[in-house]
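Spelled out, the chains give:
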Amino acid sequence: MDIIKIIGIGLIALIIIVIVKQYRPEFVLYVSLMAGALILILIMDKVGAIIALLTTLSNKASINQEFLGLLIKITGIAFLTEFAVSICKDSGESAIATKVDLGGKVIIISMSIPIIASLLETILKILP
């Protein structure tokens with residue numbers, strides 16, 4: 001029941017943040033970072049299992065491993081970007097959050113160009 005652990009960490013962090021914010025608001029960011037790190041550690045096993053499953057399925061379907069690697073990296077970048085954006089917004093820095101979000105999107109688009117090019121080549125081969 002990993003979801004119970006994740007919810008528990010989130011709720012405990014929330015309670016600690018509410019209490020600490022009254023006395024030492026500068027420590028709120030540290031509590032938030034620790035809670036996020038603990039939750040990320042808890043989900044790493046699940047992420048590993050998902051990657052293993054995708055690798056197995058791509059081998060059976062004869063999908064290019066390079067593309068699978070790119071898709072996994074892109075997904076990781078999306079998750080990490082969202083995590084960083086959330087931390088920035090929690091700190092009250094929405095302007096920085098917007099820039100981090102834009103940077104993540106640009107990197108994702110630039111990394112996906114080989115997949116898009118391959119898809120377009122396949123479409124052009126199908127069309128007469």
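Preceding block: the structure.
What you are looking at is a predicted structure, and each value in this text was computed from that prediction instead of being measured.

Any two packed helices are characterised by the angle at which their axes cross and by the distance between the axes. Their axes nearest at 9 Å, the elements helix H1 (residues 2-23) and helix H2 (residues 28-60) cross at an angle of 175°. Put simply, H1 runs roughly antiparallel to H2. Only Val28, Val31, Ser32, Ala35, Leu38, Ile39, Leu42, Ile43 and Lys46 of H2 make contact with H1, whose side of the interface consists of Asp2, Lys5, Ile6, Ile9, Ala13, Ile16, Ile17, Val20 and Lys21. Looking at side-chain class alone, the contact of H1 with H2 contains 13 nonpolar, 1 polar and 4 charged residues.

A word on the layout of surface pockets. Each pocket or cavity is described by its volume, and for the largest pocket that value is around 480 Å³. Along its surface, the largest pocket is lined by 16 residues, and Ile43, Val47, Thr75, Gly76 and Phe79 are the ones closest to its centre. When contributions to the lining of the largest pocket are tallied by element, the ones reaching two or more residues are H2 and helix H3 (65-90). A total of 9 residues in the lining of the largest pocket trace back to one element, the largest contributor, which is H3. Of the residues belonging to the lining of the largest pocket, the class tally is 12 nonpolar, 2 polar and 2 charged. The space that makes up the second largest pocket amounts to roughly 220 Å³.

Looking at the secondary structure, you find isoleucine 12 in helix H1. Among the residues examined, isoleucine 12 registers a relative accessible area of 53% and is labelled exposed. For the pair isoleucine 12 and methionine 111, spaced 99 residues apart in the sequence, the C-alpha separation amounts to 37 Å.

Bringing the nonpolar core into the picture now. Of all hydrophobic cores here, the largest spans 6 residues; its members are Ile9, Ala13, Ile17, Val28, Val31 and Ala35. Counting only elements with at least two residues in this core, the list comes to H1 and H2. With residues up to four places along the chain from it excluded, the contact list for valine 28 reads Ile17, Val20 and Lys21.

It is worth spelling out the packing of aromatic side chains at this point. Per the counting criterion, the structure on display carries 1 aromatic pair. Centre to centre, the rings of phenylalanine 27 and tyrosine 30 are 6.1 Å apart; their planes meet at 45°, and the pair counts as tilted.

Taking 1.5 Å of rise per residue, the 22 residues of H1 would be expected to cover 32 Å, and the 32 Å separating its terminal C-alpha atoms lies within 8% of that figure. Looking at the packing, one finds that the buried side of H1 touches H2.

A separate point is the packing of H2 against H3. Where H2 contacts H3, the axes come no closer than 12 Å and their chain directions differ by 165°. One finds that H2 runs roughly antiparallel with respect to H3. In this structure, H2 crosses over H3, and the sense of that crossing is right-handed. Every residue of H3 that contacts H2 at Leu29, Ser32, Leu33, Gly36, Ala37, Leu40, Ile51, Leu54, Thr55, Ser58 and Asn59 is listed here: Gln65, Leu68, Ile72, Phe83, Ile87 and Asp90. Broken down by class, the residue content of the contact of H2 with H3 amounts to 10 nonpolar, 6 polar and 1 charged.

Thresholds applied
- Residues numbered from 1 in each chain as written.
- Predicted model: local features only at pLDDT ≥ 70, side-chain atom pairs only at ≥ 80, totals over all residues.
- Heavy atoms only, no water.
- Axes fitted to C-alpha atoms, helices over the stretch in contact; angles between N-to-C directions.
- Helix = DSSP H or I, 4+ residues; strand = E, 2+ residues; numbered from the N terminus.
- Parallel < 35°, antiparallel > 145°, perpendicular 65-115°, else oblique.
- Contact = heavy atoms within 4.5 Å.
- Nonpolar A, V, L, I, M, F, W, Y, C, P; charged D, E, K, R; others polar.
- 1 Å grid on protein atoms, 1.4 Å probe; cavity = no way out; pocket = protein on both sides within 12 Å on 5 of 7 lines; lining within 4 Å.
- Points joined across faces, edges and corners; volume = space filled by probe spheres on them.
- Buried < 20%, exposed > 50% of the residue type's maximum accessible area, 1.4 Å probe, protein only.
- Core = buried A, V, L, I, M, F, W, Y, C linked by side-chain atoms within 4.5 Å.
- Phe/Tyr/Trp six-rings, centres within 6.5 Å; stacked < 30°, edge-to-face > 60°.
- Expected span 1.5 Å × (residues − 1).
- Left-handed = near helix turned anticlockwise from the far one by under 90°.

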